[in-house]
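For reference, the chains in residue letters:
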Amino acid sequence: MALAVPPLRRYLLLLAQEHLEFRLPEITSLLSLCGGQFSGEQEIRVNSPFWILNIPSEEMARGLMKRTVCAKSIFELWGHGKSAGELYASLKNYPADKMLPYLQSDSTYKVHIHTFNKTLTQAQKIKKIDALEFLPFKGKVNLKNPEHVFWILEDYGMNPNDVPEEPIHLYFGRWIADGQRELIESYSVKKRHFIGNTSMDACLSFIMANHGRVKPNDIVYDPFVGTGGLLISSAHFGAYVCGTDIDYNTIHGLGKASRKNQKWRGPDENIRANLRQYGLEKYYLDALVADFSRPVWRTGMLFDAIITDPPYGIREAPRRMGSQKETVKSVERSTENHFFVSSSYHLSDIFFDLLKFGAEHLVMGGRLVYWLPIYRPEYTEEIIPRHPCLKLISNCEQLLSSHTSRRLITMEKVKEFKDQDENSYLLDGQYMLYRGHNSFREKYFSGVTKRIAKEEKDNQK
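Residues numbered from 1 in each chain as written. Predicted model: local features only at pLDDT ≥ 70, side-chain atom pairs only at ≥ 80, totals over all residues. Heavy atoms only, no water.

An unreviewed UniProt entry lists the chain under the name tRNA (guanine(10)-N(2))-methyltransferase TRMT11, from Zonotrichia albicollis. Reading the Subcellular location (unreviewed entry) entry of the UniProt record for the chain gives the comment "Cytoplasm". Per UniProt, the comment on the chain under Sequence similarities (unreviewed entry) is "Belongs to the class I-like SAM-binding methyltransferase superfamily. TRM11 methyltransferase family." (UniProt positions renumbered as here; feature names shortened; annotations may be inferred.)

Asker: Outline the overall build of the chain, supporting the account with residue identities and numerical values.
Answerer: Within the chain, the secondary structure is distributed over 13 helices and 17 strands. Across the 461 residues that make up the chain, the buried fraction comes to 51%. Contacts in the chain between residues far apart in sequence, at least 24 positions, make up 73% of those at least 6 positions apart. By element, 51% of the accessible surface of the chain is carried by carbon and sulfur atoms, the whole surface being about 23,100 Å². (Helix = DSSP H or I, 4+ residues; strand = E, 2+ residues; numbered from the N terminus. Buried < 20%, exposed > 50% of the residue type's maximum accessible area, 1.4 Å probe, protein only. Contact = heavy atoms within 4.5 Å. Areas by Shrake-Rupley, 256 points an atom, 1.4 Å probe, with all protein chains shown as cover.)

Asker: Quick rundown of unusual backbone geometry? Include the residues and the values.
Answerer: One non-glycine residue with positive phi stands out, namely Asn-117, at about 75°. With respect to the secondary-structure elements, Asn-117 resides in the loop between strand 4 (108-116) and helix 5 (122-130). At Asn-217, a residue that is not glycine, the phi angle is positive and equals roughly 75°. Relative to the elements of secondary structure, Asn-217 occurs in the loop between helix 7 (202-211) and strand 8 (219-222).

Asker: For the sheet that holds strand 2 (residues 50-55), give the residues involved together with the corresponding values.
Answerer: Pairing within the open sheet is mixed, and its 7 strands lie in the order 2-1-3-7-6-4-5. The open sheet has two free edges, formed respectively by strand 2 and strand 5 (140-141), since each of these has just one partner strand. Of the strand pairs in this sheet, strand 6 (residues 148-155) and strand 7 (residues 169-178) are connected by 6 bridges, and their pairing is antiparallel. Bridge pairing in strand 7 places Trp-151 opposite Gly-173. Its contacts with the sheet place helix 3 (residues 84-92) against strand 3 (71-81) and strand 7, and it is angled at close to 85° to strand 3. (Pairing = 2+ DSSP bridges. Axes fitted to C-alpha atoms, helices over the stretch in contact; angles between N-to-C directions.)

Asker: Which residues make up helix 11 (residues 347-361), and what are the values?
Answerer: Helix length check: helix 11 (15 residues) gives 21 Å between terminal C-alpha atoms against 21 Å at 1.5 Å per residue, within 8%. Burial runs high along helix 11: 12 of the 15 residues are buried. Looking at helix 11, one finds that the buried residues are Leu-347, Ser-348, Ile-350, Phe-351, Phe-352, Leu-354, Leu-355, Lys-356, Phe-357, Gly-358, Ala-359 and His-361. (Expected span 1.5 Å × (residues − 1).)

Asker: Lay out the packing of helix 7 against helix 8 (residues 229-236) in plain terms, naming residues and giving numbers.
Answerer: Each pair of packed helices gets described by two things: the angle between the helix axes and the distance between those axes. Put simply, helix 7 and helix 8 touch, their axes get as near as 9 Å, and they point 60° apart. The angle between helix 7 and helix 8 places the two elements in the oblique class. In terms of crossing hand, the pair formed by helix 7 and helix 8 is right-handed. Along its contact with helix 7, which presents Ser-205, Phe-206, Met-208 and Ala-209, the element helix 8 presents Gly-229, Leu-230, Ser-233, Ser-234 and His-236. Split into classes, the residues belonging to the contact of helix 7 with helix 8 amount to 4 nonpolar, 5 polar and no charged. (Parallel < 35°, antiparallel > 145°, perpendicular 65-115°, else oblique. Left-handed = near helix turned anticlockwise from the far one by under 90°. Nonpolar A, V, L, I, M, F, W, Y, C, P; charged D, E, K, R; others polar.)

Rendered as structure tokens:
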């Protein structure tokens, strides 16, 4: 006997207008984490701040908002339309039995107005609220601490230079919950104890954890851990975190500082101190000095998610352990007489090693989330690295310049790793396309050089 599927309820999601490409994969990933799914019936305008979602329960809607940094708020949608008349008609058709529990005489409420791309005067706001007098509000107005908050939301389009007189869409709903936007400020890199040249922006760190569907008691690994910024966001969501990095000084918090007006790192500038700063030290497993190109994990060691930002040669050079027999790039000395020989680690090799590692060491259904640098004039989807054990879930672009960007790639393990998958990518006819990643640094700086030359030429005119 089939289980009854609960009827879907309509909710309005109010989204932040940044990282637009990252929003849909984040919401989709979080809905699946909460036990729901993103159906094709959703009313989504990708660049709009207003999305209508069909979600089975208010509990699931609250669960979504406990995680998202891309959304500001969610509302139980009572009505919407392309004009005030359509909105009012929609509200009159909303089932009374769903409305009345929040309008009782012993309750308190207030009505809030939110406009996108237009500012209203207080008189205009009051007029719009008064127009809702046909709704059977029986409770008392309480502006400071109401039991229920209702919102009128008006969309005046995306063009700030052509704002219509009337909204192009109106919504009315009961506020359910806010998202986690405050995490962006509270976890800001500017306030962090230990940072480096490539420490990840807090908002993007949380987006990556959400794309990776990180949940409590997961084990999350970052093979290019640096100062541990990506570990912090995963630990905030209750995952146990660990990482490796080839840089001895970074792992041990030694050497020159990255902050302005500070020459050397302090005695307690390290990854553990970062997690301690946010009360997350109990989730920290460890960080090891290790070369990702050489296996250090035993067979059968599985991670729930691998979330990382590999070095691509702009601020930090990609390196691996070398030997005197190889063409040596450099011999480096760290503190405490720590020496190692390093040689170049090509980007194509980094990504192939990363996908192979994910295929072998992720649990089934576990996710690999990483950044891929792109020279935009040459970009095609064919240059995205693939592996037979990993399914591409999302591919989101963040612009770095007019000619370069980086793409946040999310992949999910869908097939158990077998010995024949060891070097499967070598059989792929697209192998030569991937090798183009190796010249990203040269292409990046050639573009910078050209731009500087053009600016100097323009300034001479």
